[in-house]
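Here's the letter readout for the chains.
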Amino acid sequence: MDALRTEAFSLLKPFCVTLTKDHTRENIAKLFTALQSVDILFLQDLQEYVIFPLRIILKHPKKCSQDLYLDLYTCMEYVLGHTKVTRWDLFQDIFHNATAMLSCPTDQSKVATLSEELKIAIIQTLRTLVKNSESSVVQHLYTILCLPLLGHSVSLLLNIAEVERARNLRILAMECLLDFSQADSKLSQCMKADIGNLYASFLPGISVTLCKIITGDTKQGFAVTSKAVYVWMRIVSLVMDDKLLEVYRQKQGSKSKDQKDLDERLAGLVVTRDENWVKTTSGNLFILVKQVATVRSHCNWRVRLGLVECAEHLLLHCSHSMKDSVPAFLEILVSLIGDDFTKVASGSRHALELFSQSQAVDQQHHLTEILEENLHKLATSLPRQIQTAEEEDKISLLNMLAGYISILGSRVKNFLLSLPHLKRLSLALLQILELECSDIKIVEERTTVTGLGSGGITNEACSIIRPRKYFKHFSNDRIFQKVQGVCHLLGYYGDIHLLIDHFLDIFHESSMFKLQATLVINEIMLGTTGELVCTSNTKNGKSWNKHSRDEIDSVIRMLIEEYLNPVNFDLVTSVTGSQPKVQSLEQQLRGLALVLKSSYERLLIHVLYPMLEKLGDDTAYISNAAFISLWDVCTACRYKSLDELIRNNCDYLMNAISLRLRHLNRNRKCPLVLKVMLQYSSAELLPLIDDTINEILESLDDHYAEESVLFMSVLNELSKAVVRWFPADDSNKTGKQSCTCGNQPHCQCHSRTNSTNLLDNATGVTEKQTSDENLVTSAGQKCCNSDCGAKKCVSFKCQNSGTENMGISGKLTCKCHCSCQLNDTVNSTNNCSHKLNDMNKGGNQCIEGAHSLTSGNDPDRIGRKTEELKSYFSNLLRLEREARGEFTEEELLDFSNDPTNMDEDVAMETEEEKKQPLPHHVKAVKEVMLRCKHIVSSRNPRLRLLVLDTITHTCTALKPYQEELLPLIHQIWPSFNACFADEEKLVTVKALDVLQVIARSAGDFVKHRITKDVLPKLSTFLSNQALISIHAGSAYQFTVNYKLQLAVLRNISSIAKLTCIEGSDLDLITTSCMPYLHTKQPATLQNACIDCCKELTEVDADLVWLKLCSVYCPKSYIPPSDQFTEIKRLKQASSSNAYTVNVTKIMTDCGLV
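Criteria and cut-off values
- Within any chain, residue numbers begin from 1 and follow the written order of that chain's sequence.
- Two thresholds apply to this predicted model, a pLDDT of at least 70 for residue-level local features and 80 or more for giving and counting side-chain atom pairs, whereas whole-chain, interface and lining totals are computed over all residues.
- Hydrogens and waters are ignored; side-chain quantities use all the structure's heavy atoms.
- Secondary structure elements are taken from DSSP: a helix is a run of H or I of four residues or more, a strand is a run of E of two residues or more, and numbering for both begins at the N terminus.
- Exposure categories follow from relative accessible area, calculated using a 1.4 Å probe and restricted to protein chains: below 20% of the type maximum is buried, above 50% is exposed, and the middle band is partly exposed.
- Two residues form a contact once any of their heavy atoms are found within 4.5 Å.
- Only the protein chains shown count as covering a residue, and every accessible area follows the Shrake-Rupley method with a 1.4 Å probe.
- Axis definition: a line fitted to C-alpha atoms, over the contacting stretch in the case of helices. Angles run 0 to 180 degrees between N-to-C directions.
- Under this scheme an angle from 65 to 115 degrees is roughly perpendicular, one under 35 degrees roughly parallel, and one over 145 degrees roughly antiparallel; angles in between are oblique.
- Crossings are assigned a handedness: left-handed for a near helix turned anticlockwise from the far helix by less than a right angle, right-handed for a clockwise turn.
- Only Phe, Tyr and Trp rings are paired, with Trp represented by its six-membered ring, and only when their centres lie within 6.5 Å; those with planes under 30 degrees apart are stacked, over 60 edge-to-face, the remainder tilted.
- Only when the NZ atom of a Lys or the CZ atom of an Arg is both within 6 Å of the ring centre and within 35 degrees of the ring normal do we say a charge sits over the ring.
- The directions from the helix axis to the C-beta atoms are what the arc is built from.
- Put simply, a salt bridge is a Lys or Arg side-chain nitrogen that is within 4 Å of an Asp or Glu carboxyl oxygen.
- Here, the term nonpolar core denotes a set of buried Ala, Val, Leu, Ile, Met, Phe, Trp, Tyr and Cys residues that are joined through side-chain atoms within 4.5 Å.
- A positive count includes Lys and Arg, and a negative count includes Asp and Glu. His and the chain ends are not counted in either.
- We define a polar contact as two N or O atoms separated by no more than 3.5 Å, with the added condition that, inside protein, one atom must be a possible hydrogen donor and the other a possible acceptor, whereas residues neighbouring each other in sequence contribute only through side-chain atom pairs.
- The span expected for a helix works out to 1.5 Å for each residue beyond the first.
- Without a salt bridge and with relative accessible area above 30%, a residue can belong to a patch; like charges are then joined within 9 Å and nonpolar side chains (Val, Leu, Ile, Met, Phe, Trp, Tyr) within 5 Å.
- Where a charge lies is defined by one atom per residue type, namely NZ (Lys), CZ (Arg), CG (Asp) and CD (Glu).
- Using a grid of 1 Å spacing that covers the protein atoms alone, one calls a set of points a cavity when a 1.4 Å probe fits there but cannot get out, and a pocket when the set is open and has protein on both sides within 12 Å along at least five of seven lines; lining residues are those with an atom within 4 Å of a point.
- Grid points are joined across faces, edges and corners, and a volume is the space filled by probe spheres set on the points.
- Charged residues are taken to be Asp, Glu, Lys and Arg, nonpolar residues to be Ala, Val, Leu, Ile, Met, Phe, Trp, Tyr, Cys and Pro, and polar residues to be all remaining types, Gly included.

Student: Residue-level account of the overall build of the chain, with values.
Tutor: On a plain count of helices and strands, the chain comes out with 54 helices and 5 strands. A burial count over the chain gives 50% of its 1153 residues as buried. For the chain, long-range pairs separated by at least 24 residues make up 75% of all intrachain contacts whose partners lie at least 6 apart in sequence. Carbon and sulfur atoms form 52% of the exposed surface of the chain, whose accessible area is close to 55200 Å².

Here it is, written out as structure tokens:
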């Protein structure tokens, strides 16, 4: 061992000698490297030898660079960290040199201007020196003679901790200050008592400086604040600890000789901790404690947790010496009981339990008095503090209030019996919950999942539309959650009858606090069950119930009766100030359902009808609130959907509607309840409300002039519901015209059939017979009944007797009782005959082709067809005379005596008897559509729009039932046709949409009506308006004429396609559309016209091509032979013009070039 020690000395000696002679960083670095290579066991013996050159440099009058001192203290700290200081003079010398280095040369009370790295190295050296010195050496530091030296170092460390910016430096300074105090060391109580007496001299400076750091800007970081709280707690506890003070008093009687012979100046620094000093210091510390307590609202949970530990430690160790601060410490713990962070909340509760257990029985009663007194003070100052405090402070105040109520528990009832304090507490809650209603508007966009029925509504959808509350005095949602927690605790521990009566008085007396009062009442009731209250009073995971179920039920019944009072619930919702009040009452009804849960179902007889009435309100704010409330009622009563809720309670809802319909002038909103039921229910509801629908229809007939809008909204919703509940499945309905030709349109398929039949009969018949037979084949199509043996429906009986003379297509029935359409009129018959003549004049090729097609036909078959045609037309002419009332006496006698007529009548009656009764929804929709016939001509444009929308849905619903739909369309057509000449262009736009639905549902039944009544008006409008829009600016797009133009261009092609419009009528459409291909027209109108032309090519591509060439011909078209007549417009190509781009695009896309 000696040899190894000698070897280590020989290794270090040259470096130490060199450093003593030459004070350079290189020599210090070489020494430090050598030290790291030496075994630590031998470094203790070489401690003084190695430190000696470092001490020489520090005492040298010539100052060196800060980098050299940094290396020096780094090397010294390494040596002290691996050795023990056993000599006081060495300790004192190193300590003194380090503090002198930190001190400013001109002002010893200030820190020198050094680099942060050097300050860190010096402070770290001091920490290591104190920690690695023997206790006998360190004890000299805590003698009275060393008081100035220790005080100087403490002052420097406090200055660094307060002034410096570097967080690590500030934290290191406070840790060094804590090491000097030995507060965390395991020393004897006598030693700690002496150190505490010495530090009593420094307590004012330490406590004040650390308090400044604690309450400083949050930008300094949570680590600095947390460390300051901890150091403040340990040093204050060291000086004010009750047990250490008792030890100090016992030792105070025997003063040492050194203390008696002290210098006067030194004696003035010594503090005698007698009763007067303790009392005075306790009062001074109370001021600092209140400042430190403000950190309870700090944003970082580590700081709040450190504050809890500080309050706990001082309560358990300094409750007598700092008795003035005990309420403040309790206030800190109470305010953090409801902290969001679990460690903080549980630590606060645990600290209060420990403090309560540490008190005697009489002291526990005193503790309760302290808590009640603090609650009284808080309630008194709460309204003022709520209005003036910052949001973080508001959270702290509310946490404190909740903590006091939670700790006092059932004893809070005594507090509530004090009327002044109850008023102050309620005033504070009402003031902080003042709602911001300025953003509520009468006209708002609806965001509910309306129109989808209850099947389209989910919890996610309901959570999306749940509105957010806005308050005037705060914007942080945590504050509202804290207020809710306070109200829950009041409802759980307090007297609910007293609280509800008090807030109901406020509800009645003050219009300013009406909304807040209902909100507080709702939260109090939610807390009565204890499910939302976080308390320690739990058993088997469930909260103990403080209130009986009967008590809660009685209060809820009283509240429901109060809320549903017409004075409160039936406010005018079109007034902005009334909307939040009604919405608040709806939310309270929802909250009461959450309290009772499934028991709330027996109260639905009183609640459900008013809430459904509000759900149908025109104001979106009220309607959305009612929807959310009803959804929560469903959840509370264990209904899966609104549909199930409505169906299970449909009986008394229908009874309520029926009773109110009898007094409609006083219950004008009762039809809205049925509307809502239809909107949110399924098809299972329809049989249950059949009688009520009839009552609505009768009420509409009785109040046609006054309440048409109200009842039509219900009928409109009924038609929507039928479409939603019974979607049309055309393949399964017998009334739908079917075609066996595939998926192609019926009119296109049979137009080709007509051409073939025309060629079949071109040979062997006269021109008259050919045209007549063409008429028959166009009128009598293949029978759509697969069971019918007839290939052609030749014998017809007209079912729509009122349409023959109007030249429109009628409903014809063949002998096999199958339905088919009369597709063409007499005009189309003439067209067919003209076409045949043109074909015969065109050349022998057509005739030869006809002969080739008919070469295999039987002549007898052609003769039979001719006879059938003659019989058909004679019957048709006879029926027309009968329809006009032109009978002869012989015909009357023949008709009455003809047994076949009687058989046919009997057959028709039998057929009608065999018809199955119509479903309920079809009957209801028929009645609705009949009402539309009269109301569509109303003077109210909004009502006209509503009726047109209703017609759209009724036509869609009746589409599978053609026998019911077509007569209804015939009846509503005259009044519906007037909409296309309406002064309100928006009505015409809507009528176009309806017309497209009618065309899709009725097909060519409305073809003649459209071509005769509608097309001339639309084409005239398009032609006239095109002259205006071509010169209009960008603002033109916001006019109703522009919207009507756009609607016509978008719908006219589909209407033509659905009704098989052709010939001159199609030419009229294309002619009116051509001006919109001009490049100066608005771009949207050009695009709409392009799409229109593309779709018209599917109807008649040749006609569209010819019309396009009339405005721009891309190339010349020369006839292949002289037999064709030349067309001047096609003889030569057109030059580029304003139509070129759009015409070229259409021809290219449709393959017309």
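Resuming the write-up.
Student: Which residues make up the packing of helix H35 (residues 670-680) against helix H37 (residues 708-725), and what are the values?
Tutor: Two elements in contact, H35 and H37, have axes whose closest approach is 9 Å; the angle formed by their N-to-C orientations is 15 degrees. In terms of axis orientation, H35 runs roughly parallel to H37. In this structure, H35 crosses over H37, and the sense of that crossing is left-handed. Side by side, H35 and H37 meet where Pro-671, Leu-672, Leu-674, Lys-675, Leu-678 and Gln-679 of the first sit next to Leu-710, Phe-711, Ser-713, Val-714, Glu-717, Leu-718, Ala-721, Arg-724 and Trp-725 of the second.

Student: How would you explain the packing of aromatic side chains if you had to name every residue and give the values?
Tutor: Counted by the stated rule, this structure contains 15 aromatic pairs. Between the aromatic rings of Tyr-199 and Phe-202, the centroid separation amounts to 5.3 Å while the plane-to-plane angle is 80 degrees, which identifies the pairing as edge-to-face. Each member of the pair Tyr-199 and Phe-202 is classed as buried. The interplanar angle of 15 degrees and the centroid separation of 4.1 Å between the aromatic rings of Trp-301 and Phe-341 together place this pair among those described as stacked. Of this pair, Trp-301 sits in helix H17 (residues 301-317) while Phe-341 sits in the loop between helix H18 (326-335) and helix H19 (342-358); the two residues are 40 residues apart in sequence, bridging distant segments of the chain. Grouped by ring-pair contacts, the aromatic residues Trp-88, Phe-91, Phe-95 and Phe-180 constitute a single cluster. Its guanidinium or amino end placed over the ring of Phe-507, Lys-514 lies 4.1 Å from that ring's centre, counting from NZ or CZ.

Student: How would you summarise the environment of Cys-1089 if you had to cite specific residues and measurements?
Tutor: Among the structural elements, Cys-1089 can be located in helix H52 (residues 1083-1111). What makes Cys-1089 buried here is its relative accessible area of 0%. Between the C-alpha atom of Cys-1089 and that of Arg-1050, which follows or precedes it by 39 residues, the distance is 7.5 Å.

Student: Mind laying out helix H51 (residues 1064-1073), listing which residues take part and the relevant values?
Tutor: By the burial criterion, the buried members of H51 are Leu-1066, Ile-1069, Thr-1070, Ser-1072 and Cys-1073. The buried residues of H51 occupy an angular sector of 165 degrees when the element is viewed end-on, so they sit on one face. For H51, the elements touching its buried residues are helix H49 (1007-1029), helix H50 (1040-1059) and H52.

Student: Just give me the short version of the pattern of salt bridges, but keep the residues and values in it.
Tutor: Two side chains carrying opposite charge are able to pair once their charged atoms lie near each other. Throughout the structure, instances matching the rule amount to 36 salt bridges. Of the charged contacts in the structure, one is a salt bridge between Arg-5 and Asp-45, with a shortest N-O distance of 2.7 Å. Of the two residues, Arg-5 is situated in helix H1 (residues 2-21) and Asp-45 in the loop between helix H2 (25-37) and helix H3 (47-59); the sequence distance between them amounts to 40 residues. In this structure, Glu-164 and Lys-119 form a salt bridge, with 2.4 Å as the shortest nitrogen-oxygen distance. Placement of the pair is Glu-164 in the loop between helix H8 (147-163) and helix H9 (167-181) and Lys-119 in helix H6 (residues 116-131), with a sequence separation of 45 residues.

Student: Which residues make up unusual backbone geometry, and what values do they have?
Tutor: With glycine set apart, most residues show a phi of negative sign, and most peptide bonds adopt trans. Here the phi dihedral of Gln-182 falls at roughly 60 degrees; this positive angle occurs in a residue that is not glycine. You can see Gln-182 is positioned in the loop between H9 and helix H10 (189-199). Taking the relative accessible area as the measure of exposure, Gln-182 reaches 13% and is therefore buried. Of note, Lys-597 is a non-glycine position whose phi angle comes to about 60 degrees, a positive value. Within the fold, Lys-597 resides in the loop between helix H30 (579-596) and helix H31 (604-615).

Student: So what's going on with the nonpolar core? Residues and values would help.
Tutor: Generally speaking, a soluble globular protein has its nonpolar side chains buried in company with each other. With 327 residues, the main nonpolar core has Tyr-199, Tyr-600 and Met-677 as its most contacted residues. Broken down by element, this core gets its largest block of residues, 12 residues, from H52.

Student: Summarise the side chain of Asp-241; cite the residues concerned and give the values.
Tutor: Mapped onto the elements, Asp-241 comes out in the loop between helix H12 (222-240) and helix H13 (242-252). Buried and without a salt bridge, Asp-241 has Lys-243 as its closest oppositely charged side chain, separated by 6.8 Å. Here the side chain of Asp-241 touches Lys-243 through a polar contact of 2.9 Å, landing on its backbone nitrogen.

Student: Let's hear about helix H5 (residues 88-102): which residues, and what values?
Tutor: Between its first and last C-alpha atoms H5 spans 21 Å; for 15 residues at 1.5 Å apiece the expected length is 21 Å, and the two agree. Within H5 the residues assigned to the buried category are Leu-90, Phe-91, Asp-93, Ile-94, Phe-95, Asn-97, Ala-98, Thr-99, Met-101 and Leu-102. Looking at the buried residues of H5, the elements they touch are H3, helix H4 (66-81), H6, helix H7 (135-141), H8 and H9.

Student: Break down a negative patch on the surface for me, citing the residues and quoting the values.
Tutor: There is a patch of like negative charges on the surface, built from Asp-495, Asp-501, Asp-505 and Glu-509. With respect to the helices and strands, the residue Asp-501 is situated in helix H26 (residues 496-509). The class of Asp-501 is partly exposed, set by a relative accessible area of 41%.

Student: Pulling in residues and values, what's your account of the side chain of Asp-617?
Tutor: With respect to the element layout, Asp-617 can be found in the loop between H31 and helix H32 (620-636). A distance of 2.8 Å separates a polar side-chain atom of Asp-617 from the backbone nitrogen of Thr-619.

Student: I'd love a proper account of empty space enclosed by the protein, names of residues and values included.
Tutor: Under the defined criterion, the tally for this structure stands at 1 cavity of 30 Å³ or more. In this structure, the largest cavity spans a volume of roughly 40 Å³. Contributing to the lining of the largest cavity are Leu-1015, Leu-1018, Ser-1019, Leu-1022, Val-1048, Ile-1052, Ile-1069 and Ser-1072. At the level of secondary structure, the elements contributing two or more residues to the lining of the largest cavity comprise H49, H50 and H51. Examining the composition of the lining of the largest cavity, we find that 4 residues originate from one element, H49, more than from any other.

Student: Mind laying out the packing of helix H23 (residues 419-432) against helix H25 (residues 477-493), listing which residues take part and the relevant values?
Tutor: Across the interface, H23 lies against H25 with an axial gap of 11 Å and an inter-helix angle of 150 degrees. By the criterion of interaxial angle, the relationship of H23 to H25 is roughly antiparallel. At the point where H23 passes H25, the crossing takes the left-handed sense. Of the residues in H25, those touching H23 at Leu-425, Leu-429 and Ile-432 are Ile-479, Val-483, Val-486, Cys-487 and Leu-490. When the residues that make up the contact of H23 with H25 are grouped by side-chain class, the tally is 8 nonpolar, no polar and no charged.

Student: Tell me what's going on with the environment of Pro-974, and back it up with residues and numbers.
Tutor: Mapping Pro-974 onto the fold places it in helix H47 (residues 962-977). Given a relative accessible area of 56%, Pro-974 falls into the exposed group. Taking C-alpha positions, Pro-974 is 8.7 Å from Lys-933, a pair spaced 41 residues apart along the chain.

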